[in-house]
Amino acid sequence: MLEIKKLSKRIGKTLILERIDLTVQAGRSLAIVGESGSGKSTLAKLIMALERPTSGQILLDGIPAPTNKTSDFRSWYRQIQFVFQNTTASLDPRMTISQSIEEPLCHFTKLNKSERKELVIEYATKVGLPLTLLNAAPSHLSGGQYQRACIAKALIVKPKVLVCDEIVSNLDMIHQHTIIELLQQLKAEQQLSLIFITHDLSLVANLCEDILVMKDGRMVEIFDSDFIQTGSHHPYTESLLHAVEILRRNWIAL
Ligand SMILES: Nc1ncnc2c1ncn2[C@@H]1O[C@H](COP(=O)(O)OP(=O)(O)O)[C@@H](O)[C@H]1O
Ligand SMILES: [Mg+2]
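Residues numbered from 1 in each chain as written. Chains lettered and ligands numbered in written order. Predicted model: local features only at pLDDT ≥ 70, side-chain atom pairs only at ≥ 80, totals over all residues. Heavy atoms only, no water.

In the region of ligand 1, the neighbouring residues are Ile11, Ile16, Glu35, Ser36, Gly37, Ser38, Gly39, Lys40, Ser41 and Thr42. Contacts to ligand 1 include serine 38, whose backbone N or O atom sits 3.1 Å from an oxygen atom. Calculation on ligand 1 without its partners gives an accessible area of 560 Å², and the protein chains cover 54% of this total. Of the residues forming the shell around ligand 1, the biggest block, three residues, is contributed by helix α1 (residues 40-47). (Near = heavy atom within 4 Å. Polar contact = N/O pair within 3.5 Å; in protein donor to acceptor, adjacent residues only side chain to side chain. Areas by Shrake-Rupley, 256 points an atom, 1.4 Å probe, with all protein chains shown as cover. Helix = DSSP H or I, 4+ residues; strand = E, 2+ residues; numbered from the N terminus.)

Position of serine 98 relative to the elements: it lies in helix α3 (residues 97-108). Overall, the relative accessible area of 8% leaves serine 98 in the buried class. Not counting residues up to four positions away in its chain, the partners in contact with serine 98 are Lys117, Val120 and Leu134. (Buried < 20%, exposed > 50% of the residue type's maximum accessible area, 1.4 Å probe, protein only. Contact = heavy atoms within 4.5 Å.)

Overall, mixed pairing links the six strands, which are arranged β6-β7-β8-β3-β9-β10 in an open sheet. Two strands lie at the open edges of the sheet, namely β6 (80-83) and β10 (218-224), each paired on one side alone. Within the sheet, the average angular offset between the axes of one strand and its neighbour, ignoring direction, is 15°. Across four bridges, β6 lies against strand β7 (residues 161-165) in parallel orientation. Following the sheet pairing, phenylalanine 82 is matched in β7 by valine 163. Contacting β6 and β7, helix α5 (residues 143-155) crosses the sheet at an angle of about 175° to β6. (Pairing = 2+ DSSP bridges. Axes fitted to C-alpha atoms, helices over the stretch in contact; angles between N-to-C directions.)

With that out of the way, let us pick up the side chain of aspartate 210. Locating aspartate 210 in the fold gives a position in strand β9 (residues 210-215). A residue is classified by how much of its surface remains accessible, and aspartate 210, at 14% relative accessible area, is buried. Residues contacting aspartate 210, with those up to four places away along its chain left out, are Arg28, Ser29, Leu30, Ala31, Phe223, Asp224 and Ser225.

What follows covers the pattern of salt bridges. Taken as a whole and judged by the stated rule, the model has 13 salt bridges. Between glutamate 18 and arginine 218 there is a salt bridge whose closest N-O contact spans 2.8 Å. Placement of the pair is glutamate 18 in strand β2 (residues 14-24) and arginine 218 in strand β10, with a sequence separation of 200 residues. The class of arginine 218 is partly exposed, set by a relative accessible area of 44%. (Salt bridge = Lys/Arg side-chain N within 4 Å of Asp/Glu carboxyl O.)

At lysine 158, a position not held by glycine, the phi torsion is positive, near 50°. Within the element layout of this structure, lysine 158 appears in the loop between α5 and β7. Judged by its relative accessible area of 55%, lysine 158 is exposed. A positive phi is found at glutamine 191, a non-glycine position, where the angle reads about 55°. The residue glutamine 191 is located in the loop between α6 (173-190) and β8 (193-198) in this model.

The next subject is the sheet that holds strand β1 (residues 2-11). Strand order in the open sheet made by the four strands is β2-β1-β4-β5, with antiparallel pairing throughout. Each edge of the sheet is formed by a strand with only one pairing partner; in this case those strands are β2 and β5 (63-64). In terms of strand pairing, β1 meets β2 through seven bridges, oriented antiparallel. Bridge pairing in β2 links glutamate 3 to threonine 23. Docked against the sheet, α1 engages β1, β2 and β4 (55-60), running at close to 120° with respect to β1.

With that out of the way, let us pick up the packing of aromatic side chains. Under the criterion given, the structure shown has two aromatic pairs. Considering the side-chain rings of phenylalanine 73 and tyrosine 77, the 5.6 Å spacing of their centres and the 50° angle between planes classify their relative orientation as tilted. Of this pair, phenylalanine 73 and tyrosine 77 both sit in helix α2 (residues 73-79), four residues apart, roughly one helical turn. A relative accessible area of 26% places tyrosine 77 in the partly exposed class. Seen in terms of ring centroids, phenylalanine 82 and phenylalanine 84 are 5.0 Å apart; in terms of plane orientation they differ by 45°. Their pairing is tilted. Note that lysine 126 overlies the ring of tyrosine 123, its terminal NZ or CZ placed 5.2 Å from the centroid. (Phe/Tyr/Trp six-rings, centres within 6.5 Å; stacked < 30°, edge-to-face > 60°. Lys NZ or Arg CZ within 6 Å of the ring centre and 35° of its normal.)

Bringing α6 into the picture now. For α6, built from 18 residues, the straight-helix expectation of 26 Å at 1.5 Å per residue is met to within 8% by its first-to-last C-alpha distance of 26 Å. In this structure, the buried residues of α6 make contact with α4 (113-126), α5, β7 and β8. Once α6 ends, the next one or two residues include glutamine 191, with phi positive near 55°. (Expected span 1.5 Å × (residues − 1).)

Given below as structure tokens:
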């Protein structure tokens, strides 16, 4: 269970996040939706303990996120893995795909080389990455293949939480949907809590149980995705839903 308690983040004089308060139960998944600049990535960085909050707390199964040199960053980094937007900077260009996927195992486990290689093949297969690409450099992969490799690298250490920040935003619609189907399947298989960040509300209804809508660093609303169409929502959420509906109608019209 991931608990976020009264979390705020100030950078200089600007309040980037204001009193974020929510719980993600084990095995449930959360979508964080909001327009660009609403504070989604900042919240992600705090959850991943890459940045520190100004006030408030984050706990995973009752254990607080590490904040200073003496705390246990290693354990947190193993349990909360992440995949970022495809910036082509996530994988080391000097390493093969196989070496990149294997790297967290060297860092977090004592497995020997042949055990590590076996897991690399298992996870590449799980994410649908052709094994012929394992010895390739990252620059040889398509956008979708690149994200699959990043997902394999994140999941190979069996984290409790996977944070995905705009990971399908640069992909075309077909590849967006195949990656989302993959995440759906993996979260069931691995008992994983997924935190899926996107500016596109239309992507998340079938993927996440809960949806958090953010605006200007604040929580607008958090609701069960079963009630996405039927519930009564905050006017800002309604405007996002309306935009999705217009897009859908235009696709049908095409
Ligand atoms: N290091 C920083 N210094 C100053 N402002 C920042 C910094 N990082 C983010 N911000 C500001 O915080 C706000 C939220 O940014 P971000 O979390 O990246 O939003 P999102 O991911 O929703 O687009 C934006 O207005 C952004 O300009
Ligand atoms: Mg962002």
